[in-house]
Amino acid sequence: MNTPYSSTHKEAGYYNGRDRDHSDVMSELQPLIDQKSTCNRCGSWAPFLALELGIPLKRLTNYAMGSQGNQMIARNIVHGVEALLAKEVPVKDILVGVAWSGIDRGSSYTSLAEPNYFEEGSNKAKWMVNPVKFFEESKKTAGWKIYNHHWASPPNNWTPEPLHEDSRSYYNVYNETSTFAIESAERIHWVQEYLNGKGIDYFFTNMSKKASIFGSDVDKISENHVRKTIELIDRSKFCEYLGIAEWQAHYLNTNVGPDNFNDDWLRRHPSTYSSYMYVKDQILPYLDKNYPTHT
(Lines give C-alpha, C1' and ligand atoms only; values in the text may rest on other atoms or scores of the structure.)
Protein backbone atom coordinates (compact mmCIF):
# COMPACT_ATOMS: atom_id res chain seq x y z
CA MET A 1 0.00 0.00 0.00
CA ASN A 2 1.49 3.34 -1.03
CA THR A 3 -0.29 5.56 1.45
CA PRO A 4 -2.32 5.11 4.64
CA TYR A 5 -6.08 5.27 4.39
CA SER A 6 -9.09 5.05 6.62
CA SER A 7 -12.86 5.39 6.39
CA THR A 8 -13.61 7.96 9.06
CA HIS A 9 -16.65 9.88 7.81
CA LYS A 10 -18.83 8.27 10.50
CA GLU A 11 -16.65 9.97 13.11
CA ALA A 12 -15.01 13.21 12.10
CA GLY A 13 -15.07 13.19 8.31
CA TYR A 14 -13.10 11.14 5.79
CA TYR A 15 -9.44 10.59 4.84
CA ASN A 16 -7.49 12.72 7.34
CA GLY A 17 -10.61 14.78 8.05
CA ARG A 18 -13.14 16.34 5.69
CA ASP A 19 -11.81 19.83 6.37
CA ARG A 20 -8.58 19.24 4.50
CA ASP A 21 -7.84 22.01 2.03
CA HIS A 22 -8.80 21.04 -1.50
CA SER A 23 -5.62 22.49 -3.02
CA ASP A 24 -3.46 20.50 -0.59
CA VAL A 25 -5.13 17.25 -1.58
CA MET A 26 -4.82 18.07 -5.28
CA SER A 27 -1.14 18.87 -4.76
CA GLU A 28 -0.62 15.41 -3.28
CA LEU A 29 -2.70 13.91 -6.07
CA GLN A 30 -0.75 15.50 -8.94
CA PRO A 31 1.94 12.77 -9.11
CA LEU A 32 -0.83 10.20 -9.43
CA ILE A 33 -2.54 12.27 -12.12
CA ASP A 34 0.77 12.45 -14.00
CA GLN A 35 1.12 8.65 -13.84
CA LYS A 36 -2.51 8.17 -14.77
CA SER A 37 -2.02 10.24 -17.93
CA THR A 38 0.42 7.64 -19.24
CA CYS A 39 -2.21 4.88 -19.12
CA ASN A 40 -4.22 4.06 -22.23
CA ARG A 41 -7.97 4.58 -21.71
CA CYS A 42 -7.49 5.39 -18.03
CA GLY A 43 -10.52 7.31 -16.86
CA SER A 44 -12.39 7.61 -13.59
CA TRP A 45 -11.23 6.12 -10.28
CA ALA A 46 -9.60 2.88 -11.47
CA PRO A 47 -6.06 4.20 -12.04
CA PHE A 48 -6.06 5.80 -8.58
CA LEU A 49 -7.07 2.49 -7.04
CA ALA A 50 -4.34 0.64 -8.94
CA LEU A 51 -1.71 3.14 -7.82
CA GLU A 52 -2.89 3.01 -4.21
CA LEU A 53 -2.60 -0.78 -4.31
CA GLY A 54 0.91 -0.53 -5.76
CA ILE A 55 -0.20 -2.03 -9.09
CA PRO A 56 1.67 -0.74 -12.18
CA LEU A 57 -0.72 0.95 -14.58
CA LYS A 58 0.47 -1.32 -17.37
CA ARG A 59 -1.23 -4.15 -15.48
CA LEU A 60 -4.51 -2.26 -15.24
CA THR A 61 -7.26 -3.20 -17.68
CA ASN A 62 -9.69 -0.29 -17.69
CA TYR A 63 -12.78 -0.20 -19.90
CA ALA A 64 -14.11 3.11 -18.60
CA MET A 65 -15.60 5.18 -21.39
CA GLY A 66 -17.98 8.12 -21.43
CA SER A 67 -21.72 7.34 -21.47
CA GLN A 68 -21.48 3.56 -21.72
CA GLY A 69 -24.57 1.84 -20.40
CA ASN A 70 -24.67 -1.28 -18.26
CA GLN A 71 -25.08 -3.54 -21.28
CA MET A 72 -21.70 -2.43 -22.62
CA ILE A 73 -20.07 -2.50 -19.20
CA ALA A 74 -21.23 -6.08 -18.57
CA ARG A 75 -19.98 -7.34 -21.93
CA ASN A 76 -16.62 -5.63 -21.50
CA ILE A 77 -16.16 -7.16 -18.05
CA VAL A 78 -16.92 -10.70 -19.19
CA HIS A 79 -14.88 -10.47 -22.40
CA GLY A 80 -12.06 -8.71 -20.54
CA VAL A 81 -11.80 -11.41 -17.89
CA GLU A 82 -11.92 -14.12 -20.54
CA ALA A 83 -9.01 -12.41 -22.30
CA LEU A 84 -6.97 -12.39 -19.07
CA LEU A 85 -7.72 -16.05 -18.42
CA ALA A 86 -6.72 -16.90 -21.98
CA LYS A 87 -3.32 -15.33 -21.21
CA GLU A 88 -3.13 -17.64 -18.17
CA VAL A 89 -3.30 -14.82 -15.63
CA PRO A 90 -3.93 -16.59 -12.29
CA VAL A 91 -7.44 -16.14 -10.92
CA LYS A 92 -6.00 -15.05 -7.56
CA ASP A 93 -4.29 -12.11 -9.28
CA ILE A 94 -7.50 -10.73 -10.81
CA LEU A 95 -9.62 -8.14 -9.02
CA VAL A 96 -12.64 -6.72 -10.86
CA GLY A 97 -14.20 -3.39 -9.89
CA VAL A 98 -17.30 -1.96 -11.54
CA ALA A 99 -19.06 1.38 -11.19
CA TRP A 100 -22.41 0.68 -12.84
CA SER A 101 -23.88 3.39 -15.03
CA GLY A 102 -27.33 4.95 -15.19
CA ILE A 103 -29.94 2.33 -16.03
CA ASP A 104 -31.44 4.37 -18.87
CA ARG A 105 -28.32 4.33 -21.03
CA GLY A 106 -28.68 1.95 -23.94
CA SER A 107 -26.83 0.34 -26.81
CA SER A 108 -27.51 -1.55 -30.02
CA TYR A 109 -25.34 -3.34 -32.55
CA THR A 110 -25.09 -1.82 -35.98
CA SER A 111 -23.46 -2.87 -39.23
CA LEU A 112 -23.11 0.10 -41.56
CA ALA A 113 -21.80 0.67 -45.06
CA GLU A 114 -20.58 4.20 -44.34
CA PRO A 115 -17.18 4.25 -42.56
CA ASN A 116 -17.56 8.00 -42.03
CA TYR A 117 -20.18 7.34 -39.37
CA PHE A 118 -17.51 5.77 -37.23
CA GLU A 119 -14.94 8.43 -38.02
CA GLU A 120 -17.18 11.43 -37.45
CA GLY A 121 -20.07 9.98 -35.47
CA SER A 122 -23.58 11.37 -35.19
CA ASN A 123 -22.96 12.61 -31.65
CA LYS A 124 -22.32 16.32 -32.06
CA ALA A 125 -20.76 16.61 -28.61
CA LYS A 126 -17.44 15.46 -30.15
CA TRP A 127 -15.98 14.42 -26.78
CA MET A 128 -16.35 10.70 -26.98
CA VAL A 129 -16.30 7.63 -29.21
CA ASN A 130 -19.60 6.40 -30.60
CA PRO A 131 -20.11 3.69 -31.77
CA VAL A 132 -17.62 1.55 -29.87
CA LYS A 133 -16.15 -1.90 -30.46
CA PHE A 134 -15.15 -4.90 -28.36
CA PHE A 135 -12.36 -6.39 -30.40
CA GLU A 136 -9.56 -4.89 -32.45
CA GLU A 137 -10.36 -7.16 -35.38
CA SER A 138 -13.97 -5.96 -35.65
CA LYS A 139 -14.96 -4.63 -39.03
CA LYS A 140 -14.50 -0.91 -39.39
CA THR A 141 -18.14 -0.46 -40.34
CA ALA A 142 -19.65 -2.44 -37.46
CA GLY A 143 -19.95 -1.68 -33.76
CA TRP A 144 -22.21 -0.77 -30.86
CA LYS A 145 -24.08 2.51 -30.85
CA ILE A 146 -24.57 3.93 -27.38
CA TYR A 147 -27.51 6.10 -26.36
CA ASN A 148 -27.92 8.74 -23.66
CA HIS A 149 -31.20 10.49 -22.85
CA HIS A 150 -29.33 13.78 -22.29
CA TRP A 151 -28.32 13.65 -25.94
CA ALA A 152 -31.91 13.12 -27.00
CA SER A 153 -33.33 16.00 -24.91
CA PRO A 154 -30.40 18.03 -23.58
CA PRO A 155 -30.97 20.59 -20.80
CA ASN A 156 -31.82 24.05 -22.10
CA ASN A 157 -28.48 25.45 -20.97
CA TRP A 158 -26.70 22.98 -23.26
CA THR A 159 -28.38 23.40 -26.62
CA PRO A 160 -31.97 23.52 -27.92
CA GLU A 161 -31.18 20.81 -30.49
CA PRO A 162 -30.69 17.07 -29.90
CA LEU A 163 -27.01 16.13 -29.73
CA HIS A 164 -27.68 12.68 -31.12
CA GLU A 165 -30.55 11.92 -33.47
CA ASP A 166 -30.23 8.18 -32.89
CA SER A 167 -30.71 8.71 -29.16
CA ARG A 168 -33.91 10.65 -29.79
CA SER A 169 -35.24 7.78 -31.91
CA TYR A 170 -34.17 5.22 -29.29
CA TYR A 171 -35.95 6.94 -26.39
CA ASN A 172 -39.09 7.43 -28.44
CA VAL A 173 -39.43 3.64 -28.21
CA TYR A 174 -37.64 2.73 -24.96
CA ASN A 175 -38.84 5.00 -22.20
CA GLU A 176 -40.13 2.80 -19.37
CA THR A 177 -38.23 2.68 -16.07
CA SER A 178 -39.22 -0.98 -15.71
CA THR A 179 -37.45 -1.80 -18.98
CA PHE A 180 -34.30 0.05 -17.92
CA ALA A 181 -34.32 -1.52 -14.45
CA ILE A 182 -34.75 -5.16 -15.45
CA GLU A 183 -32.24 -4.95 -18.30
CA SER A 184 -29.61 -3.47 -15.98
CA ALA A 185 -30.42 -5.91 -13.19
CA GLU A 186 -30.04 -8.85 -15.59
CA ARG A 187 -26.64 -7.58 -16.75
CA ILE A 188 -25.42 -7.02 -13.19
CA HIS A 189 -26.64 -10.47 -12.13
CA TRP A 190 -24.96 -12.04 -15.17
CA VAL A 191 -21.60 -10.46 -14.29
CA GLN A 192 -22.02 -11.38 -10.63
CA GLU A 193 -22.72 -15.05 -11.43
CA TYR A 194 -19.97 -15.17 -14.05
CA LEU A 195 -17.37 -13.88 -11.59
CA ASN A 196 -18.67 -16.13 -8.82
CA GLY A 197 -18.39 -19.11 -11.14
CA LYS A 198 -14.80 -18.25 -12.04
CA GLY A 199 -13.86 -17.68 -8.40
CA ILE A 200 -12.77 -14.11 -9.12
CA ASP A 201 -12.79 -11.38 -6.46
CA TYR A 202 -14.87 -8.33 -7.31
CA PHE A 203 -16.70 -5.30 -5.95
CA PHE A 204 -19.40 -3.01 -7.28
CA THR A 205 -20.57 0.54 -6.84
CA ASN A 206 -22.67 2.95 -8.93
CA MET A 207 -21.87 6.21 -10.63
CA SER A 208 -25.10 7.47 -9.04
CA LYS A 209 -27.47 5.63 -6.72
CA LYS A 210 -30.33 7.79 -7.96
CA ALA A 211 -29.74 6.59 -11.55
CA SER A 212 -29.12 2.96 -10.56
CA ILE A 213 -31.29 -0.09 -9.87
CA PHE A 214 -31.35 1.08 -6.24
CA GLY A 215 -32.75 4.52 -7.11
CA SER A 216 -36.03 5.98 -5.89
CA ASP A 217 -37.74 5.64 -9.29
CA VAL A 218 -36.97 1.91 -9.35
CA ASP A 219 -38.14 1.52 -5.74
CA LYS A 220 -41.61 2.58 -6.90
CA ILE A 221 -41.86 -0.33 -9.36
CA SER A 222 -44.17 -3.06 -8.07
CA GLU A 223 -43.92 -5.57 -10.92
CA ASN A 224 -42.57 -8.87 -9.59
CA HIS A 225 -40.49 -9.59 -12.68
CA VAL A 226 -38.48 -6.45 -11.92
CA ARG A 227 -38.35 -6.74 -8.13
CA LYS A 228 -37.43 -10.45 -8.14
CA THR A 229 -34.61 -9.86 -10.60
CA ILE A 230 -33.13 -7.07 -8.50
CA GLU A 231 -33.37 -9.29 -5.41
CA LEU A 232 -31.04 -11.80 -7.09
CA ILE A 233 -28.19 -9.29 -6.87
CA ASP A 234 -25.83 -9.68 -3.91
CA ARG A 235 -25.70 -6.25 -2.27
CA SER A 236 -22.80 -7.32 -0.07
CA LYS A 237 -20.63 -6.94 -3.15
CA PHE A 238 -21.35 -3.19 -3.25
CA CYS A 239 -19.40 -0.53 -1.39
CA GLU A 240 -21.15 0.92 1.65
CA TYR A 241 -22.12 4.13 -0.15
CA LEU A 242 -24.06 3.06 -3.24
CA GLY A 243 -23.41 6.14 -5.40
CA ILE A 244 -20.19 8.04 -6.12
CA ALA A 245 -22.16 11.15 -7.11
CA GLU A 246 -24.23 11.11 -3.91
CA TRP A 247 -21.13 10.50 -1.80
CA GLN A 248 -19.49 13.46 -3.51
CA ALA A 249 -22.49 15.69 -2.86
CA HIS A 250 -22.84 14.63 0.78
CA TYR A 251 -19.28 14.50 2.05
CA LEU A 252 -17.18 16.92 0.05
CA ASN A 253 -16.76 20.52 1.12
CA THR A 254 -18.74 23.00 -0.98
CA ASN A 255 -15.51 24.70 -2.09
CA VAL A 256 -14.93 21.70 -4.37
CA GLY A 257 -17.84 22.58 -6.62
CA PRO A 258 -20.66 25.15 -6.90
CA ASP A 259 -21.99 26.92 -3.81
CA ASN A 260 -24.78 24.40 -3.26
CA PHE A 261 -24.88 20.69 -4.04
CA ASN A 262 -28.29 20.80 -5.68
CA ASP A 263 -29.85 18.23 -8.00
CA ASP A 264 -28.05 19.69 -11.01
CA TRP A 265 -24.69 19.19 -9.34
CA LEU A 266 -25.68 15.71 -8.19
CA ARG A 267 -26.22 14.70 -11.80
CA ARG A 268 -22.71 15.76 -12.73
CA HIS A 269 -19.97 13.21 -13.08
CA PRO A 270 -17.58 12.90 -10.14
CA SER A 271 -14.51 15.10 -10.36
CA THR A 272 -10.91 13.88 -10.35
CA TYR A 273 -10.68 14.93 -6.72
CA SER A 274 -13.84 13.14 -5.61
CA SER A 275 -12.96 9.99 -7.61
CA TYR A 276 -9.71 9.78 -5.70
CA MET A 277 -11.37 10.49 -2.37
CA TYR A 278 -14.07 7.88 -3.01
CA VAL A 279 -11.31 5.33 -3.54
CA LYS A 280 -9.76 6.33 -0.22
CA ASP A 281 -13.00 6.49 1.75
CA GLN A 282 -15.06 3.67 0.27
CA ILE A 283 -13.23 1.26 -2.02
CA LEU A 284 -10.02 0.70 -0.08
CA PRO A 285 -11.81 0.01 3.24
CA TYR A 286 -14.17 -2.39 1.41
CA LEU A 287 -11.23 -4.28 -0.06
CA ASP A 288 -9.38 -4.33 3.25
CA LYS A 289 -12.42 -5.89 4.92
CA ASN A 290 -13.46 -8.34 2.20
CA TYR A 291 -10.32 -9.03 0.13
CA PRO A 292 -7.29 -8.32 2.34
CA THR A 293 -4.99 -10.34 0.10
CA HIS A 294 -5.36 -7.63 -2.56
CA THR A 295 -4.43 -4.80 -0.18
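The structure displayed is predicted, hence computed values, not measured ones.

Lay out the overall build of the chain in plain terms, naming residues and giving numbers.
On a plain count of helices and strands, the chain comes out with 12 helices and 4 strands. Out of the 295 residues belonging to the chain, those deemed buried represent 47%. Summarising the internal contacts of the chain: among those between residues at least 6 apart in sequence, 69% fall at separations of at least 24. A total accessible area of about 15,200 Å² is found for the chain, and carbon and sulfur atoms account for 48% of it.

Give me the packing of helix α3 (residues 70-86) against helix α7 (residues 177-198): which residues, what numbers.
The geometry of α3 relative to α7 is characterised by a closest axis approach of 8 Å and an angle of 15 degrees between their N-to-C directions. Viewed along their axes, α3 and α7 adopt a mutual orientation that is roughly parallel. Note that α3 runs across α7; the crossing there is left-handed. In this structure, α3 uses N70, Q71, A74, R75, I77, V78, V81, E82 and L85 to contact α7, whose residues at the interface are E183, S184, R187, W190, V191, Y194, L195 and K198. Residue classes in the contact of α3 with α7 are distributed as 9 nonpolar, 3 polar and 5 charged.

A description of unusual backbone geometry should follow, citing residues and the corresponding values.
Notably, E88 is not glycine yet its phi reads approximately 65 degrees, a positive angle. When you line up the elements, E88 lands in the loop between α3 and β1 (95-100).

Help me get a handle on the side chain of Q282, residues and values and all.
Here Q282 shows up in helix α12 (residues 272-290). On the basis of relative accessible area, Q282 is assigned to the buried category, the value being 3%. A distance of 3.1 Å separates the side chain of Q282 from the side chain of D281, its partner in a polar contact.

If you had to explain the environment of P47 to someone new, which residues and values would you point to?
Along the chain, P47 turns up in helix α2 (residues 46-52). Expressed as a C-alpha distance, the spacing of P47 and L57, which sit 10 residues apart in the sequence, is 6.7 Å.

Break down the pairing of β1 for me, with residues and values.
Taken residue by residue, a regular strand's side chains alternate between the two faces of the sheet. Only one face of β1 is covered, namely the one carrying V96, V98 and W100; the face carrying L95, G97 and A99 has none of its residues buried. Bridge count for β1 against strand β4 (residues 201-206) is 6 bridges, and the pairing is parallel. Bridge pairing links L95 to D201 in β4.

I'd like a rundown of the nonpolar core, residues and numbers included.
Formed by 33 residues in total, the largest nonpolar core has its most connected members in V96, W100, V191, L195, F204 and I213. Mapped by element, the contributors of at least two residues to this core are α3, β1, α6 (165-173), α7, β4 and α9 (224-231). With 8 residues, α7 is the largest single contributor of residues to this core. Core analysis: the next-biggest nonpolar cluster, separate from the first, contains 20 residues, F48, C239, W247 and I283 among them.

About the cut-offs
- Throughout, residues of each chain are indexed from 1 in the direction in which the sequence is written.
- Owing to the predicted nature of the model, reporting of local features is limited to residues with pLDDT of at least 70; listing and counting of side-chain atom pairs is limited to 80 or more, with chain, interface and lining totals taken over all residues.
- With hydrogens and water set aside, each side-chain value is computed from the structure's full complement of heavy atoms.
- Counting from the N terminus, the helices are DSSP H or I runs at least four residues long and the strands are E runs at least two residues long.
- Classification of residues uses two cut-offs on accessible area relative to the type maximum, computed with a 1.4 Å probe and protein chains only: under 20% is buried, over 50% is exposed, and between them is partly exposed.
- Contacts are assigned to residue pairs with any non-hydrogen atoms lying within 4.5 Å of each other.
- Here the Shrake-Rupley method, with its probe set to 1.4 Å, supplies the accessible areas, and only the displayed protein chains count as covering residues.
- Angular values range over 0 to 180 degrees, each being the angle between N-to-C directions of two axes fitted as lines to C-alpha atoms, with helices fitted over their stretch in contact.
- If an angle is under 35 degrees, it is roughly parallel; if it is over 145, roughly antiparallel; if it lies from 65 to 115, roughly perpendicular; otherwise it is oblique.
- In a left-handed crossing the near helix is turned counterclockwise from the far helix by less than a right angle, and in a right-handed crossing that turn is clockwise.
- Side-chain classes are defined by residue name, with Ala, Val, Leu, Ile, Met, Phe, Trp, Tyr, Cys and Pro counting as nonpolar, Asp, Glu, Lys and Arg as charged, and the others, Gly among them, as polar.
- Any pair of nitrogen or oxygen atoms within 3.5 Å is treated as a polar contact; in protein, a donor-acceptor pairing is required on top of that, and neighbouring residues in sequence qualify only through side-chain atoms on both sides.
- Any two strands are treated as partners once DSSP identifies two or more bridges connecting them.
- Among the buried residues, those of types Ala, Val, Leu, Ile, Met, Phe, Trp, Tyr and Cys that are joined through side-chain atoms within 4.5 Å form a nonpolar core.

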